[in-house]
Amino acid sequence: MTPRPLPKTVAPLPDELLSGWLSRLAAANYCDDAELLAHIEVDTTHGTALDFSIDAAAAEKIASAARVSPDVVRSLTFPAITPGEASLTAQMPFQHCLQCSREGLSLRHWRRPGH
C-alpha cells in the first residue's frame with residue numbers, strides 16, 4: 001500500500017541534500033523527521049544515510065508522498081565518488097571563525113558528513 005500524499009509539500013532548494021529537504025518537509029507538515037519517514041514507510045534508522053544512497057522503493061515512496069518525481073528525490077543525494085575524489089574531500093571541519101561561532105553561525109565545509 002502506498003501512503004497518501006502529504007498535505008503540504010516544499011520544493012527542494014538548490015544544492016540541498018535529501019535529509020535537509022525531508023526535515024523541511026516534516027516541519028511543513030508539523031511532525032519530526034522520524035514521524036515523516038514512518039508515515040511514508042521508509043525505515044527511520046536511515047536518517048542522513050539517505051543522503052548517500054537510496055533504493056528505488058524508498059525514492060518512490062518519498063516521491064509519491066511529496067508529489068515529486070523519484071528522479072528529483074535521487075538528485076538530492078551525493079553522487080558516487082571515485083577514490084581519487086574521496087581523497088580530496090575533507091573528512092572533518094578544518095576552519096572556524098570565533099565571531100561567527102559567538103553568533104551561532106558556522107562555516108560550511110566541502111566534506112561528506114559521517115565519513
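Heads up: the structure comes first, above all this text.
Below is a summary of the structure that appears in this document. A quick note: this is a predicted structure, and the numbers were derived from the prediction, not measured. (Residues numbered from 1 in each chain as written. Predicted model: local features only at pLDDT ≥ 70, side-chain atom pairs only at ≥ 80, totals over all residues. Heavy atoms only, no water.)

**Describing the overall build of the chain**
Argument step 1. What the chain contains, in helices and strands, is six helices and zero strands.
Argument step 2. When its helices and strands are written in sequence order, the chain yields α-α-α-α-α-α.
Argument step 3. Evaluated residue by residue, the chain yields a buried proportion of 27% over its 115 residues.
Argument step 4. Carbon and sulfur atoms make up 59% of the accessible area of the chain, which amounts to about 7800 Å² in all. (Helix = DSSP H or I, 4+ residues; strand = E, 2+ residues; numbered from the N terminus. Buried < 20%, exposed > 50% of the residue type's maximum accessible area, 1.4 Å probe, protein only. Areas by Shrake-Rupley, 256 points an atom, 1.4 Å probe, with all protein chains shown as cover.)

**Topic: the pattern of salt bridges**
Argument step 1. Per the counting criterion, the structure on display carries two salt bridges.
Argument step 2. Linking Glu16 and Arg24 is a salt bridge whose minimum nitrogen-to-oxygen distance equals 2.8 Å.
Argument step 3. A residue is classified by how much of its surface remains accessible, and Glu16, at 13% relative accessible area, is buried.
Argument step 4. Arg24 sits in the partly exposed class, given a relative accessible area of 29%.
Argument step 5. Its salt-bridge partner being Arg74, residue Asp71 comes within 2.6 Å of it at the nearest N-O pair. With Asp71 and Arg74 both in helix H4 (residues 70-75), this residue pair falls three residues apart, about one helical turn. (Salt bridge = Lys/Arg side-chain N within 4 Å of Asp/Glu carboxyl O.)

**Section: the nonpolar core**
The tendency in soluble globular proteins is for nonpolar side chains to be buried as a group.
Argument step 1. Leu18, Trp21, Leu22, Leu25, Ile54, Ile62 and Val73 are the most contacted members of the largest nonpolar core, which has 22 residues in total.
Argument step 2. Mapped by element, the contributors of at least two residues to this core are helix H1 (18-28), helix H2 (33-39) and helix H3 (56-66).
Argument step 3. Those residues in contact with Ile54, other than ones at most four positions away along the chain, are Leu18, Ala59, Ile62, Val73, Arg74 and Thr77. (Core = buried A, V, L, I, M, F, W, Y, C linked by side-chain atoms within 4.5 Å. Contact = heavy atoms within 4.5 Å.)

**Side note on the side chain of Asn29**
Argument step 1. With respect to the helices and strands, the residue Asn29 is situated in the loop between H1 and H2.
Argument step 2. Within polar-contact distance, the side chain of Asn29 engages the backbone oxygen of Lys8 at 2.7 Å.
Argument step 3. When residues no more than four places from it in sequence are discounted, the contact partners of Asn29 are Leu6, Pro7 and Lys8. (Polar contact = N/O pair within 3.5 Å; in protein donor to acceptor, adjacent residues only side chain to side chain.)

**Re the packing of aromatic side chains**
Argument step 1. Overall, the coordinates contain one aromatic pair when judged by the stated rule.
Argument step 2. Summarising the aromatic geometry, the rings of Phe52 and Phe78 are spaced 5.0 Å apart at their centres and angled 25° between planes, so their arrangement reads as stacked. Here Phe78 lies in the loop between H4 and helix H5 (83-87) and Phe52 lies in the loop between H2 and H3, a separation of 26 residues in the sequence.
Argument step 3. A relative accessible area of 21% places Phe78 in the partly exposed class. (Phe/Tyr/Trp six-rings, centres within 6.5 Å; stacked < 30°, edge-to-face > 60°.)

**Re H1**
Argument step 1. Among all positions in H1, only Leu18, Ser19, Trp21, Leu22, Leu25, Ala26 and Ala28 are buried.
Argument step 2. Buried positions along H1 lie against H2, H3 and H4.
Argument step 3. In the stretch just after H1, Tyr30 is the one whose phi turns positive, near 60°.

Taken by themselves, the reported measurements are silent on function.
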